[in-house]
Amino acid sequence: LPKELAKIGCEVKVFMPKYYPINEFEWGHEYVHDIGEFKVRVGGWDHPVHLFKGHLPDSNVEIYFIHHPHYFHREKFYTSDWDEDERFTLFQKGVIETMQRLNWAPDVINCNDWQTGLIPLFIKDNYSWDRMFDNTATVFTIHNIGYQGRFGTDALVRAEIEAYHFYGTGNVNFEDSVSFMKAGIVFADVVSTVSETYAKEITTPEYGHGLHNIIQSKANDLYGILNGIDYNDWNPQKDKLIPFNYSIDNLSNKLKNKKALCQRMNIPFHEELPLVGIVSRMASQKGFDIIQHAMPGLINLGCQWTVLGSGEWEYQEMFNTMHWHHPNKVGVHIGFDNKLAHLIEAGADMFLMPSHYEPCGLNQMYSLKYGTVPVVRKTGGLADTVQDWDEFESYGMDIGNGFTFEAYEGYAMEHALERAINYFHNKAVWQKIQSNGMNKDFTWHKSAEKYLELYKKAKLKRSNH
């Protein structure tokens, strides 16, 4: 998104913590000597902060890294450590105080998820003494409302948030905890999510995770903009991680990738049997509970399975067990493997995403580009990107690019897969479904233009206050 915004004339800077795996020597990042060390106060203590500066790959967009090893040189980006609130309080204050030292007051700060939820509050309260931010608007983007950054009331003291925001207005109080997510929603000028359908869903009790009433109160300032994908990385024509490149005009090499995938996953290659791919975090949110319930029926469908991912132990064991009992039908790799993820997108015939909720989803967009027909639950970004072949055919429109189901039930998912398998054997229809998906455009350019309009609305709202 920042790269595309720059292309359409915006001046963009990116701020993020300098997490442990980020190697400044590998990427050519430079220590910012002009600013040097400065102190950021968290929990009553002044913490020394340093800055590194670089550019986004293949771009002139500047990126600044807030460097504080005690907080950010940890095994995981996000932790359950006792000082998790301190870590991101320091980051958020560090971002604002870096802007002060750069003497750079942006028109808009686009904050992402709870880790940046205090910035809209800080701009309007803690740092309101600095008039350089008087015209700076804030946009808070929710990527997953289920992760809310909730902490005990001592987080108020550590972040130096006035008590009345918790005990008086309740603007940061969610179920007697301090919620960074709620603060972002309440204090931002505009709130966005990563798909239009998810923007509607989070106003409901089922998907709002307790914050639906707060979201409803921001209904006039709530927008959904679909994430884009980078076709330099995810494009079967030039993907360097797959053995055989192919295009919409020549799908023959897709079959060669299928053969390579079967070999990689140690299952026999059958041209006439559809191969269903799954690349996912193995969690109930991703629909693995209904896969578990439906597995006896799924394993008897006329297809093979190739699965990549890790997560909850019971789901990992479920697939390992299925591989053990059906070695010719099920190939499994537990863990993370980017090269294998690309091969599954290129080699599978179908891609299953039965998510309980999916704010945006990327794999279904990758799948469409690779001619790998998605079978998805109709929720969030999945509903906005996958058009059911049968549903649109019934209206006389041949724009379907996949198969969807609505009920969060194993039988509904199984039925959608059965429909897909039936059409797989009708090559003329199947190729039409593939081409419909491959012709879709999910580049960031389209989304960036929508974000620019959103930023203008936020800036206008800020100026009116």
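Below: a short report on this structure. A quick note: this is a predicted structure, and the numbers were derived from the prediction, not measured.

Some thoughts on the sheet that holds strand E8 (residues 150-151)
- The 3 strands lie next to each other as E8-E10-E9, forming an open sheet whose pairing is antiparallel. Every other strand in the sheet has two partners, leaving E8 and strand E9 (173-174) as the edge strands with one partner each.
- Bridge analysis of E8 against strand E10 (residues 177-179) gives 2 bridges, and the strand direction is antiparallel. Across the sheet, residue Phe151 finds its bridge partner in E10, namely Val178.
- Each of E8, E9 and E10 is contacted by helix H8 (residues 180-187), which is oriented at about 50° to E10, the strand it contacts most.

Thoughts on the nonpolar core
- By size, the foremost hydrophobic cluster in this structure holds 77 residues, and its most contacted members are Leu90, Leu118, Ile142, Val172 and Ile185.
- If you look at the next biggest cluster of nonpolar residues, it comprises 38 residues, including Val276, Ala294, Leu301 and Met413.

Structural notes on the side chain of Asp349
- Position of Asp349 among the secondary structure elements: in the loop between helix H15 (338-347) and strand E16 (350-353).
- Asp349 gets classed as buried once you look at its relative accessible area, which sits at 10%.
- Reaching out from Asp349, the side chain makes a polar contact with the side chain of Lys258 at a distance of 2.7 Å.
- Among all residues touching Asp349, those that are not within four sequence positions of it are Lys258, Leu273, Pro274, Leu275, Gly371, Thr372, Val373, Phe424 and Trp430.

What counts, and at which threshold
- Residues numbered from 1 in each chain as written.
- Predicted model: local features only at pLDDT ≥ 70, side-chain atom pairs only at ≥ 80, totals over all residues.
- Heavy atoms only, no water.
- Pairing = 2+ DSSP bridges.
- Helix = DSSP H or I, 4+ residues; strand = E, 2+ residues; numbered from the N terminus.
- Contact = heavy atoms within 4.5 Å.
- Axes fitted to C-alpha atoms, helices over the stretch in contact; angles between N-to-C directions.
- Core = buried A, V, L, I, M, F, W, Y, C linked by side-chain atoms within 4.5 Å.
- Buried < 20%, exposed > 50% of the residue type's maximum accessible area, 1.4 Å probe, protein only.
- Polar contact = N/O pair within 3.5 Å; in protein donor to acceptor, adjacent residues only side chain to side chain.

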